[in-house]
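# Geometric and topological summary
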Amino acid sequence: MLRPILATLLALSSGTLLAQTAPTPTATPWWKGAVLYEIYPRSFQDSNGDGVGDLNGITSRLDYLQKLGIDGIWIAPAYPSPQVDFGYDISDYEAIDPQYGTMADFEKLVAAAKQRHIRVLMDMVLNHTSDKDPWFVQSKSSRTDPKRDWYVWRDPKGYDKDGKPIPPNNWQSVFGHSAWEWDAGTKQFYYHRFYVQQPDLNWRNPAVEKAMFDVLRFWLDKGVAGFRLDAIPSLFEDPAMRNEPEKGGTNAYGDPNLNTIYTDNLPEVHGVIARMRKVVAAYPDDRVLIGETYLPNVEELDKWYGGAAKNELQLPMDMLLGFGSGYAGHGKLDATFFRNTINAAETKLQGSEPLFVFSNHDNPRDWDRYSDGVHDLQIAKILATMLLTTRDTALLYYGEELGMKTHTPTRVEDVQDPIGKLGWPKEKGRDGERTPMQWTADAQAGFSTNAHTWLPVAADHTTLNVVSEEQDPNSLLRWYQQLTHLRDSNPAFAPDAKINVLMNTAADVLAYTRAGADGKLVLVAINMSDAPQTLDTSAYVGTGALHTLAASNAPQNNSVKSKQVTLPPFSVWVAEQGQ
Ligand code: GLC
């Protein structure tokens, strides 16, 4: 406390603002071991009855989040936007979209969250802007405009026999078809990795970096605890504009599958991130940088921390654990896969903090990806356990704690997400994982008073909702609450408590121990099969008694002396060494 006060006094006495030295980061910063919660603002809580969620809605639900044990919320973009990509096309980086509220509402939300020890993190889209952003409007206005080079403009490769311009190369948009859009006015193409309405910024131009770092400072000054950096591996493209190699076959849009080596994860991005880290490090209270980092392996992930230097992102998302066994397809509840992946994060990240995640607004919900139609609730409890009892920062997606399901539209005319319209029926879009939060059994699930919400409230809200799960001791919500409570109260789940993944268990058993500062071991044992499995615990936790801390469906007895423990099908057992 002393330092800021002193700095202020000195600044006042000299009449100028002194250059501040960077605050020292705390040994255990708040985000280490935190439980973060992604809120899709359109879908969380509507406070003004227009059928779309908003910031005041989020504020009104903070008590729920506090009870759930949430330390920080990441709000998907709520800035002014034409909403082509539902906010990921930003047209003003330093304001709030009126459909979500006002800047005063935002400030109220940050303050109210702080009272409940919840931090607010912003989504930050640095790769591209909306085509309605004044920067792009200017850039497009003429080839000689000072903002021209803020975006990626290229001449056509030539013209076809009908006089149509040919794009510079074969690069494709993630959302289908060529990544190059022709501008008839200035007779050049611009590059867009995502929708046509999302032109990519040119990060090779230092003015772009400076402008975007100023945007970060704007929000840091408002007290945000950090940023989730959208699509961050896409910041740079190959300056030689080489064609990407084809992988064979076609995607949902009928385009050839490409190996995106010239548009994804280029090494230049790491320089930007290291400089960005310095921007946030100049602020007190351990502001954090989180990355949307879909990467092929843990070695690549480590680079995003800055490797041994640890001078880049504090928390690049580890998508390998929660999505590695299948993104859109069916994830496999495979103990060997989880054992190896958790162990790799523990042993190959040079002690950096893993950020695990199983669901988000871009992929079918984990419930649907892992369920078998018979043991769905048990399986969801297993996923929650991996998220909340390993050594990690945990990121959960709104509604995941209830077991909300993916409700994909069945008719193309109902689709909101443009990729679902373009790719129908092979790609049905992301509406399914974005349906309104299910608070109550009432009409519109307590989400809105409007009979027409931006996406329909799922019919199963009459039975699957916060109120009913609060009342059911065996519900998924209660399981999440129990585990976050354990995480906060038991030293074995403290951020620095070691994890030891047990590598020689039965194939279908995932087990690990955590060791707290008090020396007591806690064993987490998960049976991922539909048959009982036996675990000999003596090799790991000795032959003394083990006391149950949490059990999803057994062993129900409080204290187990036998060293041979039988785990029922699809069960979780968390037990602590005792007398
Ligand atoms: C990220 C977002 C996704 C968005 C895309 C383009 O992947 O999570 O929702 O469509 O970036 O901004």
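Residues numbered from 1 in each chain as written. Predicted model: local features only at pLDDT ≥ 70, side-chain atom pairs only at ≥ 80, totals over all residues. Heavy atoms only, no water.

On to the packing of helix 13 (residues 376-389) against helix 16 (residues 476-489), then. Interhelical geometry of helix 13 versus helix 16 gives an angle of 20° and a closest axis separation of 10 Å. Considering the angle they form, helix 13 stands roughly parallel to helix 16. Crossing of helix 13 over helix 16 shows right-handed handedness. Along its contact with helix 13, which presents Leu377, Ala380, Lys381, Ala384, Thr385, Leu387, Leu388 and Thr389, the element helix 16 presents Leu476, Trp479, Tyr480, Leu483, Thr484 and Arg487. Considered class by class, the residues forming the contact of helix 13 with helix 16 number 9 nonpolar, 3 polar and 2 charged. (Axes fitted to C-alpha atoms, helices over the stretch in contact; angles between N-to-C directions. Helix = DSSP H or I, 4+ residues; strand = E, 2+ residues; numbered from the N terminus. Parallel < 35°, antiparallel > 145°, perpendicular 65-115°, else oblique. Left-handed = near helix turned anticlockwise from the far one by under 90°. Contact = heavy atoms within 4.5 Å. Nonpolar A, V, L, I, M, F, W, Y, C, P; charged D, E, K, R; others polar.)

Moving on to the environment of Asn257. Inspection of the secondary structure assignment puts Asn257 in strand 11 (residues 256-258). Overall, Asn257 belongs to the partly exposed group, its relative accessible area being 24%. In this view, Asn257 contacts Pro245, Glu246, Lys247, Gly248, Gly249, Thr250 and Asn251; residues no more than four positions away in its chain are not counted. A polar side-chain atom of Asn257 sits 3.4 Å from the main-chain amide nitrogen of Asn251. (Buried < 20%, exposed > 50% of the residue type's maximum accessible area, 1.4 Å probe, protein only. Polar contact = N/O pair within 3.5 Å; in protein donor to acceptor, adjacent residues only side chain to side chain.)

With that settled, consider the pairing of strand 16 (residues 498-502). Relative to strand 17 (residues 509-515), strand 16 runs antiparallel, the two being bridged by 5 bridges. Each bridged residue has a counterpart across the sheet, and for Ile499 the counterpart in strand 17 is Arg514. (Pairing = 2+ DSSP bridges.)

Further remarks concern the sheet that holds strand 1 (residues 35-39). Hydrogen bonding along the main chain pairs the strands of a sheet, whether they run parallel or antiparallel. Taken together, 8 strands build a closed barrel; the order of strands is 1-2-3-9-12-13-14-15 and the barrel is parallel. Put simply, the sheet's adjacent strands are angled 25° from each other on average, direction ignored. Sheet topology note: the strand 9 (residues 226-230)/strand 12 (residues 288-291) ladder contains 4 bridges and is parallel. If you follow Leu229 over to strand 12, its bridge partner there is Gly291.

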